[in-house]
Amino acid sequence: MIISWNTTKACNLKCEHCYRDAGSKDAGELSTAEGKGLLAEIAKAGFKIVILSGGEPLLRSDIYELISHTASLGMRPVLGSNGTLITAEVAGKLKAAGLARAGISLDSCDSRIHDDFRRQQGAWQATVKAMRICKEAGLDFQVHTTVTRRNYQEVTKITDFAAGLGAAAHHIFFLVPTGRGKEISDVFIGVAEIGEVLEKVLKHQKETVIELKPVCAPQFVPLAKKMGVPVRFARGCLAGTTYCCILPNGDVHPCPYLPLKVGNVRDTRFSDLWKNSDVFIRLRSMEYSGSCSRCAHKDSCGGCRARAWHFCGDYMAEDQECVLVGSRKHAH
């Protein structure tokens, strides 16, 4: 079981697609003490991996303390970062705190494409430098790429670049219209292109030494089985079943891309929310509607619940961008 805690809304970048619309710190951000209490509740609920992300989590002065506390509770702390703030000193402190792995975002082998998307000149150079620093420090890292019309044809090239830098994995994120992502519909790729990228990535998994994982494209699991590509993932969409997200102010959502408040950890213990929430119970029932209800891959795929919410207003509706059943008419 894995959980994302968006530890802060503060960020030093203003990326075009940010699902959290990050930039300035949220006035209601959980304190260090509240964060430690939350981590204890997360452990109590049975979670094994905690993604400390943001915004940019390195802007929290207590991030090393939170990482250390996560590890002390027997969970695996990982970081979701844009990488630009990782210096040799920071990498050393992250490693000393017990960070298991840093996830660093890289959207192209072309610095101009990355910098434009991240709205910061020099971001690409700082990010790649951070990866080299992590490698030298012996700090495990993986690369995160958000797929757009600008970079979808170079995804496996980014994989090879990441592997050359010493990355342990490459996670490929497919855009969902949420946060600032709703404002950039012109860079979304269509269903046909999503299928093209998935097949290319799965074929490349046989050729690369690092692990590849598509995110927000749950059809990759049955597709991998069909293509005879071994993957260790049993299910595509994990929202509310073995995964959820906590916002900086303590609100709990089924996933970062599904903006549906389940509750708040200041009002209800997280372990109780995870066990008893009607939303989570409904998601675990897998009683979907539309084509997802009839799909032979319901158990291994699950459809993207965030897209169902965005396009249909119902998180149990069919996935409107399923590469297994083809394109539907809708507007981003």
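In the block above lies the structure referred to throughout.
Computed from a predicted model, the values in this text were never measured in an experiment.

A few words now on the pattern of salt bridges. Under the criterion given, the structure shown has 15 salt bridges. The salt bridge involving Glu34 is made with Arg266; its shortest N-O contact spans 2.9 Å. Within this pair, whereas Glu34 is found in helix α1 (residues 32–44), its partner Arg266 is found in the loop between β10 (263–264) and α9 (270–276), the two being separated by 232 residues in sequence. On the basis of relative accessible area, Glu34 is assigned to the partly exposed category, the value being 32%.

Running from N to C, helix α7 (residues 191–205) and helix α8 (residues 220–227) cross one another at 55°; their axes reach a closest spacing of 10 Å. Accordingly, the angle class assigned to the pair α7 and α8 is oblique. For the element pair α7 and α8, the recorded crossing hand is right-handed. Residues Leu198, Glu199, Leu202 and Lys203 of α7 pack against Phe220, Leu223, Ala224 and Met227 of α8. Tallied by class, the residues present in the contact of α7 with α8 amount to six nonpolar, no polar and two charged.

On to the side chain of Glu29. Within the fold, Glu29 resides in the loop between β1 (2–6) and α1. By relative accessible area, which is 13% here, Glu29 ends up buried. Apart from residues no more than four positions distant in its own chain, Glu29 is found in contact with Thr7, Thr8, Lys9, Glu34, Arg60, Pro248 and Arg266.

Right, let's talk about the pairing of strand β3 (residues 76–81) for a bit. Counting buried positions along β3 yields five of six residues, so the element is predominantly enclosed. Bridge count for strand β2 (residues 49–53) against β3 is four bridges, and the pairing is parallel. Paired with Ile51 across the strands is Val78, a residue of β3. Examined bridge by bridge, β3 and strand β4 (residues 101–105) share four bridges and lie parallel to one another. Pairing of Gly80 across the sheet is with Gly103, part of β4. The parallel pair β3 and β4, bridged by helix α3 (residues 88–97), forms a crossover whose chirality is right-handed.

On to the side chain of Ser277. In this fold, Ser277 is placed in the loop between α9 and α10 (278–285). Among the polar contacts listed, one links the side chain of Ser277 to the backbone nitrogen of Val279, at a separation of 3.2 Å.

Right, let's talk about the sheet that holds β3 for a bit. Spatially, the 10 strands line up as an open sheet ordered β7-β6-β5-β4-β3-β2-β1-β8-β9-β10, and their pairing is mixed. Only two strands of the sheet have a single neighbouring strand rather than two, namely β7 (211–215) and β10. Pairing analysis gives five bridges linking β1 to β2, with the strands arranged parallel. Of the residues in β2, the one forming a bridge with Ser4 is Ile51.

A separate point is the environment of Ile86. Within the secondary structure, Ile86 is located in the loop between β3 and α3. Under the relative-accessibility criterion, Ile86 is labelled buried at 4%. In the structure, Ile86 is positioned 12 residues away from Gly74 in sequence and 25 Å away in space, judged by C-alpha atoms. Ignoring any residue separated from it by four or fewer positions in sequence, one finds Ile86 in contact with Leu58, Ser81, Ala91, Ile104, Ala130, Ile133 and Cys134.

Turning our eyes to something else, we now look at helix α2 (residues 63–72). If you check which residues of α2 are buried, you get Ile63, Tyr64, Leu66, Ile67 and Thr70. Projected onto a plane normal to the axis of α2, the buried residues spread over an arc of 160° and lie on a single side. Of the surrounding elements, those touching the buried residues of α2 are β1, α1, β2, β3 and α3. Immediately beyond the C-terminal end of α2, within one or two residues, lies Gly74, with a positive phi of roughly 85°.

As enumerated under the stated definition, the model contains eight aromatic pairs in all. On the numbers, 4.8 Å between centres and 65° between planes, the contact of Phe47 with Trp274 is edge-to-face. A residue pair is termed long-range when its members are at least 10 positions apart, and Phe47 in the loop between α1 and β2 and Trp274 in helix α9 qualify at 227 residues. Look at Trp124 and Phe161: their rings are 6.0 Å apart centre to centre, the planes differ by 25°, and that puts the pair in the stacked class. Here Trp124 is found in helix α5 (residues 123–137), whereas its partner Phe161 is found in helix α6 (residues 155–165), with 37 residues between them in sequence. Through a chain of ring-to-ring contacts, the aromatic side chains of Phe47, Phe270, Trp274 and Phe280 assemble into a single cluster. A cation over a ring is seen here: Arg284 above Trp274, with NZ or CZ 4.3 Å from the ring centre. It is Arg305 that lies over the ring of Tyr288; its NZ or CZ is 4.2 Å from the centre.

Cut-offs applied
- Residues numbered from 1 in each chain as written.
- Predicted model: local features only at pLDDT ≥ 70, side-chain atom pairs only at ≥ 80, totals over all residues.
- Heavy atoms only, no water.
- Salt bridge = Lys/Arg side-chain N within 4 Å of Asp/Glu carboxyl O.
- Helix = DSSP H or I, 4+ residues; strand = E, 2+ residues; numbered from the N terminus.
- Buried < 20%, exposed > 50% of the residue type's maximum accessible area, 1.4 Å probe, protein only.
- Axes fitted to C-alpha atoms, helices over the stretch in contact; angles between N-to-C directions.
- Parallel < 35°, antiparallel > 145°, perpendicular 65-115°, else oblique.
- Left-handed = near helix turned anticlockwise from the far one by under 90°.
- Contact = heavy atoms within 4.5 Å.
- Nonpolar A, V, L, I, M, F, W, Y, C, P; charged D, E, K, R; others polar.
- Pairing = 2+ DSSP bridges.
- Right-handed = clockwise from strand over helix to strand, strands pointing away.
- Polar contact = N/O pair within 3.5 Å; in protein donor to acceptor, adjacent residues only side chain to side chain.
- Arc of directions from axis to C-beta.
- Phe/Tyr/Trp six-rings, centres within 6.5 Å; stacked < 30°, edge-to-face > 60°.
- Lys NZ or Arg CZ within 6 Å of the ring centre and 35° of its normal.

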